[in-house]
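Topology and contacts: notes
Below are the chains, spelled out letter by letter.
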Amino acid sequence: MASTARTSISNAFTQAAKVTSMRRSVASLPCTCNSLVSRMTNLRFQSTSAASTSTSSSSSSLPPSITNAAGSSTSATTAAPTKPKSQLSHDTRSALALLRSQPSHYIITSIYQRRFLLTPRDIVTVPRLKDVNVGDVITLDKIHEVGSRDYTLRASDGEFLSPAVNVRATVIEHTKSKMEETVKFKKRKGYRKTIKNKSRYTRLRIGEIVLGGDNA
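These notes cover the structure that comes with them.

About the criteria used
- Residues numbered from 1 in each chain as written.
- Predicted model: local features only at pLDDT ≥ 70, side-chain atom pairs only at ≥ 80, totals over all residues.
- Heavy atoms only, no water.
- Core = buried A, V, L, I, M, F, W, Y, C linked by side-chain atoms within 4.5 Å.
- Buried < 20%, exposed > 50% of the residue type's maximum accessible area, 1.4 Å probe, protein only.
- Helix = DSSP H or I, 4+ residues; strand = E, 2+ residues; numbered from the N terminus.
- Contact = heavy atoms within 4.5 Å.
- Patch = residues over 30% accessible without salt bridge, like charges linked within 9 Å, V, L, I, M, F, W, Y side chains within 5 Å.
- Areas by Shrake-Rupley, 256 points an atom, 1.4 Å probe, with all protein chains shown as cover.
- Salt bridge = Lys/Arg side-chain N within 4 Å of Asp/Glu carboxyl O.
- Lys, Arg positive; Asp, Glu negative; His and termini not counted.
- Charge placed at Lys NZ, Arg CZ, Asp CG, Glu CD.
- Pairing = 2+ DSSP bridges.
- Axes fitted to C-alpha atoms, helices over the stretch in contact; angles between N-to-C directions.

Another aspect to go through is the nonpolar core. Ranked by size, the top nonpolar core spans 26 residues in total, and within it Ile107, Val146, Val165, Val167 and Leu204 carry the most contacts. Secondary structure elements with two or more residues in this core: helix H3 (90–100), strand E1 (106–111), strand E2 (114–118), strand E3 (123–127), strand E5 (143–147), strand E7 (165–176) and strand E10 (200–211). Here isoleucine 107 is in contact with Phe116, Leu117, Leu118, Leu140, Ile143, Glu145, Val146, Val167 and Ile209, once residues within four sequence places are set aside.

Shown next as structure tokens:
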């Protein structure tokens, strides 16, 4: 009986010691949490300071125009460089000089996606041109070829002679064609329909052919 009592007493002391150690560990938990929170706060502060330092350094490295544009409502703009005026080559100038030595000239130009061979004072009829009135002067800028009796100057594929040759045309009339009748029918169906139409055209008088343009 005495040995049993001693064993129970020792077990009781052991459990009491375990409970005490557990209480101490639980009591130390708030301190550990507080230390963790303080460490995390320090890390956040360090990362924020590093980000602000990098932002300030990057903003200082930007050009003055970009910095001013970001700080104010108006952005700084620079004037676009002006393109130099296209000049004629030596061979083109020589060809134009030869053409000037001839008395009369002709051109091949595109008007309304159609090619025409024209000379000064010619009257050409083209499909109706929109946004032009009688008396208006238009410039023929799609000139493929200019020539005389002995010489010819032809543009390369996809290019025009507009800088070297200047030709203008005057609108003299807006007119219509005669009545055109088109008959549509179907065999053995009894279907027959007549369509009447008048096509609209514009007449132009070609002006003088100026060789060399402003660079002559």
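So, about unusual backbone geometry. Outside of glycine, negative phi angles account for most residues, and trans bonds account for most peptide bonds. Despite not being glycine, glutamine 113 shows a phi value in the positive range, around 60°. As for its placement among the helices and strands, glutamine 113 is situated in the loop between E1 and E2. Among the residues examined, glutamine 113 registers a relative accessible area of 83% and is labelled exposed. At arginine 121, a position not held by glycine, the phi torsion is positive, near 70°. Tracing the sequence through the fold places arginine 121 in the loop between E2 and E3. Residue classification places arginine 121 among the exposed positions, given a relative accessible area of 61%.

A few words now on a positive patch on the surface. A surface patch of positive charge is lined by Lys130, Lys176, Lys198 and Arg200. Topologically, lysine 198 is positioned in the loop between strand E9 (191–197) and E10. Its relative accessible area of 43% is what places lysine 198 among the partly exposed residues.

Sheet analysis places E1 next to E2, joined by five bridges and oriented antiparallel. Within E2, the residue paired with isoleucine 111 across the bridge is arginine 114. Counted between consecutive antiparallel strands, the loop separating E1 from E2 contains two residues, among which tyrosine 112 sits at a positive phi close to 55°.

Below, the discussion takes up the sheet that holds E1. Spatial strand order, E2-E1-E5-E6: four strands in an open sheet with antiparallel pairing. Strand pairing shows two members of the sheet lacking a second neighbour, E2 and strand E6 (152–154), which therefore form its edges. Averaged over neighbouring strand pairs, the angle between their axes works out to 15° when direction is ignored. For E5 and E6, the ladder comprises three bridges, and the chain directions are antiparallel. Counted as the bridge partner of glutamate 145 is arginine 154 from E6. Sheet strands touched by H3: E5 and E6. Its angle to E6, the strand with the most contacts, is close to 145°.

Across the sheet, which stays open at both edges, the four strands sit in the order E3-E10-E7-E4 with antiparallel pairing between neighbours. Here the strands that pair on one side only, and so sit at the sheet edges, are E3 and strand E4 (137–140). Averaged over all pairs of adjacent strands, the angle between strand axes in this sheet comes to 40°, irrespective of strand direction. In the sheet, E7 pairs with E10 via 10 bridges, with the strands oriented antiparallel. Counted as the bridge partner of valine 165 is leucine 211 from E10.

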